[in-house]
Amino acid sequence: MSTSSIDKASTVEKTIDVDTLRLWLADDAELAVLDIRPSDEVGYASPLFATNIPADRLEAEIDRYVPRAVVRTVLVDGGDGVAQRLAERLAEAGRSEVHVLAGGIPEWTRNGTEDLPTFDVPGKDFSLGIRDERDTPSVSAAELKTLEDQGADVVVIDTRTLPEFTAGHVPGAVGVPGAELLLRFANVVPSPDTHVVVSCAGLPRAIIGAQTLIDSGVPNKVSYLHDGTRAWKEENLELETGATAVYAPVDHAAREAAAQRVETITANDTFPRIDVETAQAWAADPDRTTYLLDVRTPEEFEQGHVPGSITSEGGQLLGVSYRTIAVRGARVVLIDDLTGARAAVVSHWLQRRGFEIVLLLHDFESGVNR
């Protein structure tokens, strides 16, 4: 048999069907599922809620998302055969466990998507589960507008990323990405009498943000804006654009208040803590995938970070973890400053999605861990 015949046979063996992928999604071994269609075709999320790395970027970026070459990896394309060609090139580069889903997304969704398993928990489903479990209070866009028109003491906190906030938000809202809520709260909402309404584009980040504040014991009345900016527009109300009001640097009093709220929200949470040396040893472990995720702001990350870590804004990690954590079953090390407010928020919710969470709290000025 010629070398080319052997290569072709090997590639065929690496093709799996829908039933096999269903079984793999249900087992406990490490698994990466990559939707390699163009991002504009995938949209907000793949039907698999898998990591989207477009085919033209896959070879350059796969090491970031799937650090170990031996991890079982499934490429899913649009049914156009692109995955087959990429799998061959990745195999030549030393990735021995790259598989192709026969027929791609069209085959996966051929009988509809309602009962299909997913790689990750959809953010909306997760947040609605929290809302139903905790009975998280809400206000409608019409109710919020009435409160504002009546001059009520109310503040809207938008928990999306700052670029999303800048593109359009409820007028007068303050941009505070979700993981920053506990750390920045005392500076943004100095009065315990203020009614706090948490907003996003729809539901997930608003519900999680509101329940985070409630679980942390803030004295304020807290609600989420039902359907967020979408509902505001549906009421024929205009959004405000620009970085009109965003969080400021954290002062000492706000950091002390945040530390107290961290103790409250983590009262029933238990996560191992490690130092930088252990984190880096884990990242180099040939037998287990470990992500070192810095959940501070991207600006703080740029000013200094643990070598080998990647920036992963905490609020986004909660809502769309599949965009960063491409290997199911991996260890996830959350890196934060010594106050640990961002890591506390992220770990408090992410643990409920089955991730193995470990904390690394680090003094980025002196290099001390806690």
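Residues numbered from 1 in each chain as written. Predicted model: local features only at pLDDT ≥ 70, side-chain atom pairs only at ≥ 80, totals over all residues. Heavy atoms only, no water.

**Side note on the overall build of the chain**
- The number of helices and strands found in the chain is 17 helices and 16 strands.
- Against the compact-globule benchmark of 21 Å for 370 residues, the chain has a radius of gyration of 22 Å, which places it among compact chains.
- Dimensions of the chain, computed from the C-alpha atoms along their principal axes, are close to 80 × 50 × 35 Å.
- Taken across its 370 residues, the chain has 51% of its residues classed as buried.
- Counted over contacts in the chain with a minimum sequence separation of 6, partners at least 24 positions apart contribute 77%.
- With the model as given, the accessible surface of the chain reaches about 16,500 Å², and the carbon-plus-sulfur share is 49%.
- Separation between the mean location of the 34 positive side-chain charges and that of the 59 negative ones in the chain comes to 2 Å. (Helix = DSSP H or I, 4+ residues; strand = E, 2+ residues; numbered from the N terminus. Rg over C-alpha atoms; globule rule 2.2 N^0.38 Å. Buried < 20%, exposed > 50% of the residue type's maximum accessible area, 1.4 Å probe, protein only. Contact = heavy atoms within 4.5 Å. Areas by Shrake-Rupley, 256 points an atom, 1.4 Å probe, with all protein chains shown as cover. Lys, Arg positive; Asp, Glu negative; His and termini not counted. Charge placed at Lys NZ, Arg CZ, Asp CG, Glu CD.)

**Things to note about the pairing of strand β4 (residues 73-76)**
- Residues Thr 73 and Leu 75 line one face of β4 and the alternating positions Val 74 and Val 76 line the opposite face, and both faces are buried.
- Note that strand β2 (residues 31-35) and β4 share 4 bridges and pair parallel. When the sheet's bridge partners are listed, Asp 35 is paired in β4 with Val 76.
- Note that β4 and strand β5 (residues 98-101) share 3 bridges and pair parallel. Considered in β5, the bridge of Val 74 is made with His 99.
- At this point the chain moves from β4, through helix α5 (residues 82-92), to the parallel β5, and the crossover so formed is right-handed. (Pairing = 2+ DSSP bridges. Right-handed = clockwise from strand over helix to strand, strands pointing away.)

**What to know about the pattern of salt bridges**
- Within the structure shown, the criterion is met by 29 salt bridges.
- Asp 158 is the salt-bridge partner of Arg 160, the closest N and O atoms lying 2.8 Å from each other. Summarising the burial analysis for this pair, Arg 160 and Asp 158 share the class buried.
- The structure contains a network of salt bridges with shared partners spanning Glu 180, Arg 184, Arg 255, Glu 300, Asp 336, Asp 337 and Arg 342. (Salt bridge = Lys/Arg side-chain N within 4 Å of Asp/Glu carboxyl O.)

**Some thoughts on the sheet that holds strand β8 (residues 174-175)**
- Taken in spatial order, the 5 strands of this open sheet run β6-β10-β9-β7-β8, and their pairing is parallel. Single-partner strands in this sheet number two, and they are β6 (138-139) and β8.

**Examining the sheet that holds strand β15 (residues 356-363)**
- One open sheet accounts for 5 strands, arranged β12-β11-β14-β15-β16; its pairing is mixed. The two strands at the open ends of the sheet, each matched to only one other strand, are β12 (310-311) and β16 (368-369).
- Of the strand pairs in this sheet, strand β11 (residues 290-294) and β12 are connected by 2 bridges, and their pairing is parallel. Bridge pairing in β12 places Leu 293 opposite Ile 310.

**Focus on the pairing of strand β14 (residues 331-336)**
- Extensive coverage of β14 is indicated by the burial of 6 of its 6 residues.
- Residues Arg 331, Val 333 and Ile 335 point to one face of β14 and Val 332, Leu 334 and Asp 336 to the other, with burial holding for every one of them.
- Bridge count between β11 and β14: 5 bridges; the pairing is parallel. Bridged to Leu 293 within β14 is Leu 334.

**Considering the packing of aromatic side chains**
- The full count for this structure, using the stated rule, is 1 aromatic pair.
- One Lys or Arg, Arg 72, reaches over the ring of Trp 24 and ends 4.8 Å from the middle of that ring. (Phe/Tyr/Trp six-rings, centres within 6.5 Å; stacked < 30°, edge-to-face > 60°. Lys NZ or Arg CZ within 6 Å of the ring centre and 35° of its normal.)

**Side note on unusual backbone geometry**
- You will see that Phe 49, though not glycine, has its phi angle at about 50°, which is positive.
- Locating Phe 49 in the fold gives a position in the loop between α3 (39-42) and β3 (51-52).
- Assessed through its relative accessible area of 17%, Phe 49 is described here as buried.
- One non-glycine residue, Asp 227, lies in the positive phi region at around 65°.
- Along the polypeptide, Asp 227 turns up in the loop between β10 (222-225) and α12 (228-234).

**Quick notes on the side chain of Asp 215**
- Along the chain, Asp 215 falls in helix α11 (residues 204-215).
- Classification of Asp 215 as buried rests on a relative accessible area of 18%.
- Excluding its chain neighbours within four sequence positions, the residues that come into contact with Asp 215 are Arg 134, Thr 264, Ile 265, His 348 and Trp 349.

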